[in-house]
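# Geometric and topological summary
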Amino acid sequence: MFRFSVLDLAAATLVAIAFLIPAREFLIEPAYEDPAASDLRIVAQAQQQLEAEPGNGVAASRLADALRRMDQHQAGLRAAGDALNHGGGWRAALAVSSLHADRVEVEDAFVYAKKALEECTGTPASCPSYERLRMSIYHDGLQSGLDSGIDPRREPDRFRDQVMKAFPTVRFRAQ
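Residues numbered from 1 in each chain as written. Predicted model: local features only at pLDDT ≥ 70, side-chain atom pairs only at ≥ 80, totals over all residues. Heavy atoms only, no water.

So, on to the nonpolar core. Note on soluble globular proteins: their nonpolar side chains tend to be buried together. Judged by nonpolar contacts, the single largest core of 22 residues is most densely connected at V43, L50, L63, W90, A116 and M135. Among the secondary structure elements, those contributing two or more residues to this core are α2 (37-52), α3 (57-69), α4 (73-85), α5 (89-102) and α6 (106-122). Looking at this core element by element, the count peaks at five residues for α3. The contact partners of L50, leaving out residues within four places of it in the chain, are N56, A59, A60, L63 and A83. With eight residues, the next largest nonpolar core counts A109, L142, I150 and V163 among its residues. (Core = buried A, V, L, I, M, F, W, Y, C linked by side-chain atoms within 4.5 Å. Buried < 20%, exposed > 50% of the residue type's maximum accessible area, 1.4 Å probe, protein only. Helix = DSSP H or I, 4+ residues; strand = E, 2+ residues; numbered from the N terminus. Contact = heavy atoms within 4.5 Å.)

Now for unusual backbone geometry. The phi dihedral of D71 falls on the positive side, at around 65°, and the residue is not glycine. Along the chain, D71 turns up in the loop between α3 and α4. For D71, a relative accessible area of 44% gives the class partly exposed. In this structure, V104 is a non-glycine residue whose phi angle is positive, near 60°. Tracing the chain through its elements places V104 in the loop between α5 and α6. Look at V104 and you get partly exposed, because its relative accessible area is 32%.

On to the layout of surface pockets, then. Using a probe with the size of a water molecule, rolled over the atoms, empty space left in the structure can be pinpointed. Estimated volume of the largest pocket: approximately 320 Å³. In this structure, the largest pocket is lined by A101, V104, V106, Y138, G141, L142, P152, P156, F159, R160 and V163. When contributions to the lining of the largest pocket are tallied by element, the ones reaching two or more residues are α7 (129-148) and α8 (156-164). Per-element tally for the lining of the largest pocket: the top contributor is α8, with four residues. For the lining of the largest pocket, the residue count by class is nine nonpolar, one polar and one charged. In this model, the second largest pocket occupies a volume close to 200 Å³. Around the second largest pocket sit S61, D65, R68, W90, R91, L94, A95, S98, E131, R134, M135 and Y138, which together line it. When contributions to the lining of the second largest pocket are tallied by element, the ones reaching two or more residues are α3, α5 and α7. Among the elements that make up the lining of the second largest pocket, the one with the highest residue count is α5 (five residues). Of the residues in the lining of the second largest pocket, the class split is five nonpolar, two polar and five charged. (1 Å grid on protein atoms, 1.4 Å probe; cavity = no way out; pocket = protein on both sides within 12 Å on 5 of 7 lines; lining within 4 Å. Points joined across faces, edges and corners; volume = space filled by probe spheres on them. Nonpolar A, V, L, I, M, F, W, Y, C, P; charged D, E, K, R; others polar.)

These values are about where atoms sit, not about what they do.
Have a look at this one:
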């Protein structure tokens, strides 16, 4: 004779649930978002310019910015680094620095920011004063963060606070 127990009822319930649960839906999505048409145009134009003139720092900078927006940091580093090796100047060095900073590789970002600032200072005809000032502020902020000894990957808020300490706060008095 066969008798039902509580365990038999529980097992039958679990088997019924397993058969009645609908199958999971598997969606395959692209790894990257669809890039904007304007970014694709920028990439195509900049690549064409770099093909003709490998040391074109302006094209390398535009390409690196577009690739960063498309989350293609490695390709941007390769393109800007190649332009820098072919004499791309301060713009290519700044592009490499900003890509490293975007990847939270602060030491490398600082090295290339310093190189960009030195090249900008060395060629004042091709580097406007407002660009030099912008790079100087960027360089000083990175240096302040590195000098603090705080790991930006583990404590990003503390690192950001330390970077912001390098910049004086402007206060206006009411008259």
